[in-house]
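# Observations on the three-dimensional arrangement
So you can see what is in the structure, the chains are spelled out below.
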Amino acid sequence: MEDTVQINFRCSFRRKSLILATLSASLLVAAGCKKKAAPPPPPPPITNNAPAPTATITATPSAVNAGGSVVLAWRTTDATDVSIDGIGAVPTSGTRTVNPAESTNYHLVAKGDGGSTDATARVTVNAAAAPTSNLSESDVTDSIFHQNVKDIFYDYDSYDIRADAQSTISQDANFLNQHPGLKVVIGGYCDERGSTEYNLALGENRANAAKQGLVTAGVSPERLRTVSYGKEKQFCTEHDESCWQLNRRAQFSLDK
């Protein structure tokens, strides 16, 4: 009797286990047959809503004689990178004094998040008038001297003769070589920035660099005297780059 009960119990347990196993297998098959979820759609493309940059540039005056000064003025909007051909990177707005040796297009390029744009200012350089070589030294007044012997200008914190000043030096030397009796004093000047002592030394270097340029062009060094004024004599008193450029110069005057 006990053996029959045990046998029935074991059979009932096996049937239940078989049923559970069958249900588990069915669930696994159903889960395996379920379709995979579709991937989410790609995000929409990013649109650039940044405004396009604008740019203007002017040159004043637009025509000069050889060796003359021109003030470039430019303004941009929505630009992060601004450059002018021949000058390089510049602020987004500003001014710069230049001394073009020949007729030049000043081409400005402005770039920003919204794209790029450009603008151009044309400067016409008139040919220098021929020196009045038939004048004697005694006939050369200060006015005539400065009409024919032009000052040269320097970059900030520099006494190197710039490329645009080389032609000015050559023209100055041409006039002086035609009037060998003239003696010249060369004054070195600086803008207002920096200490008095530093600018006196810088002004001396600028005057000596101009002297050497004339000597290289054939002017006798015995005719040339240098003096440094540092920042003590300002030609322009505004506190901006256009004025500072006018003050960074070597000035040539008759040494009487």
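Anything mentioned here points back to the structure above.
Below is a short write-up of the structure. If you're wondering where the values come from, they're calculated on a predicted model, not measured in any experiment.

Rules used throughout
- Residues numbered from 1 in each chain as written.
- Predicted model: local features only at pLDDT ≥ 70, side-chain atom pairs only at ≥ 80, totals over all residues.
- Heavy atoms only, no water.
- Helix = DSSP H or I, 4+ residues; strand = E, 2+ residues; numbered from the N terminus.
- Buried < 20%, exposed > 50% of the residue type's maximum accessible area, 1.4 Å probe, protein only.
- Contact = heavy atoms within 4.5 Å.
- Areas by Shrake-Rupley, 256 points an atom, 1.4 Å probe, with all protein chains shown as cover.
- Disulfide = S-S within 2.5 Å.
- Pairing = 2+ DSSP bridges.
- Axes fitted to C-alpha atoms, helices over the stretch in contact; angles between N-to-C directions.
- 1 Å grid on protein atoms, 1.4 Å probe; cavity = no way out; pocket = protein on both sides within 12 Å on 5 of 7 lines; lining within 4 Å.
- Points joined across faces, edges and corners; volume = space filled by probe spheres on them.
- Domains from an automatic or database assignment.
- Core = buried A, V, L, I, M, F, W, Y, C linked by side-chain atoms within 4.5 Å.
- Salt bridge = Lys/Arg side-chain N within 4 Å of Asp/Glu carboxyl O.

Across its full length, the chain carries five helices and twelve strands. In the chain, buried positions account for 32% of the 256 residues. Considering only residue pairs separated by 6 or more positions, the chain has 67% of its internal contacts joining residues 24 or more positions apart. Of the roughly 15300 Å² of accessible surface on the chain, 55% is carried by carbon and sulfur atoms.

Once that is clear, we can look at the state of the cysteines. Across all of its chains, the model carries one disulfide by this definition. In this model, Cys 236 is linked to Cys 243 through a disulfide, with the two sulfur atoms separated by 1.7 Å. The exposure class of Cys 243 is buried, given its relative accessible area of 4%.

Taken in spatial order, the five strands make up an open sheet running β2-β8-β7-β4-β5, and their pairing is mixed. Each having just a single partner strand, β2 (63–65) and β5 (88–90) make up the two edges of the open sheet. The average angle at which neighbouring strand axes cross in this sheet is 30°, direction not considered. As paired strands, strand β7 (residues 104–112) and strand β8 (residues 115–126) are joined by nine bridges and run antiparallel to one another. Bridged to His 107 within β8 is Thr 120.

To find leftover empty space, a probe the size of one water molecule is rolled over the atoms. Of the pockets and cavities examined, the largest pocket occupies roughly 420 Å³. Around the largest pocket, the lining is made up of 22 residues, and of these Gly 86, Ile 87, Val 98, Arg 162 and Asp 164 lie nearest the centre. Among the secondary structure elements, those contributing two or more residues to the lining of the largest pocket are β6 (93–98), β7, α3 (163–178) and α5 (241–247). Each of domain 2 (54–126) and domain 3 (137–254) gives at least three residues to the lining of the largest pocket.

One can find Thr 120 in strand β8. Residue Thr 120 is classed as partly exposed on the basis of its relative accessible area of 46%. Along the sequence, Thr 120 and Ile 84 sit 36 residues apart, while their C-alpha atoms lie 9.1 Å from each other. Setting aside chain neighbours within four positions, we find Thr 120 in contact with Ile 57, Asn 105, Tyr 106 and His 107.

Another aspect to go through is the sheet that holds β6. Strand order across the open sheet formed by three strands is β1-β3-β6, with antiparallel pairing between neighbours. Two strands in the sheet have a free side with no partner beyond their single neighbour: β1 (54–60) and β6. Looking at each pair of strands side by side, their axes are set apart by 15° on average, direction ignored. As paired strands, β1 and strand β3 (residues 70–77) are joined by seven bridges and run antiparallel to one another.

Time to look at the nonpolar core. Core analysis: the largest hydrophobic core is formed by 22 residues, its most contacted members being Phe 145, Ile 152, Leu 176, Ile 186, Leu 214 and Phe 252. Considering every element that reaches this core, the biggest residue donor is α3, with five residues. Sequence-distant contacts of Ile 152, defined by excluding residues within four places in its chain, comprise Ile 161, Ala 165, Thr 168, Ile 169, Ala 210, Arg 248, Arg 249, Ala 250 and Phe 252. The next biggest cluster of nonpolar side chains, apart from the first, holds 20 residues, and it includes Tyr 106, Ala 121, Val 123 and Val 125.

With that out of the way, let us pick up the pattern of salt bridges. Opposite charge on two side chains lets them pair, provided their charged atoms get close. Scanning the model with the defined rule gives eight salt bridges in all. Among the salt bridges present, the one from Arg 162 reaches Asp 164, with a minimum N-O distance of 3.2 Å. The partner of Arg 225 in a salt bridge is Asp 255, and the shortest N-O contact between them spans 2.9 Å. With Arg 225 in strand β11 (residues 224–230) and Asp 255 in the segment after β12 (249–254), this pair connects stretches of sequence that are 30 residues apart. Judged by relative accessible area, Arg 225 falls into the partly exposed class, the value being 42%. Each of Asp 191, Arg 193, Glu 241 and Arg 248 takes part in salt bridges that share partners, so that together they form one network.

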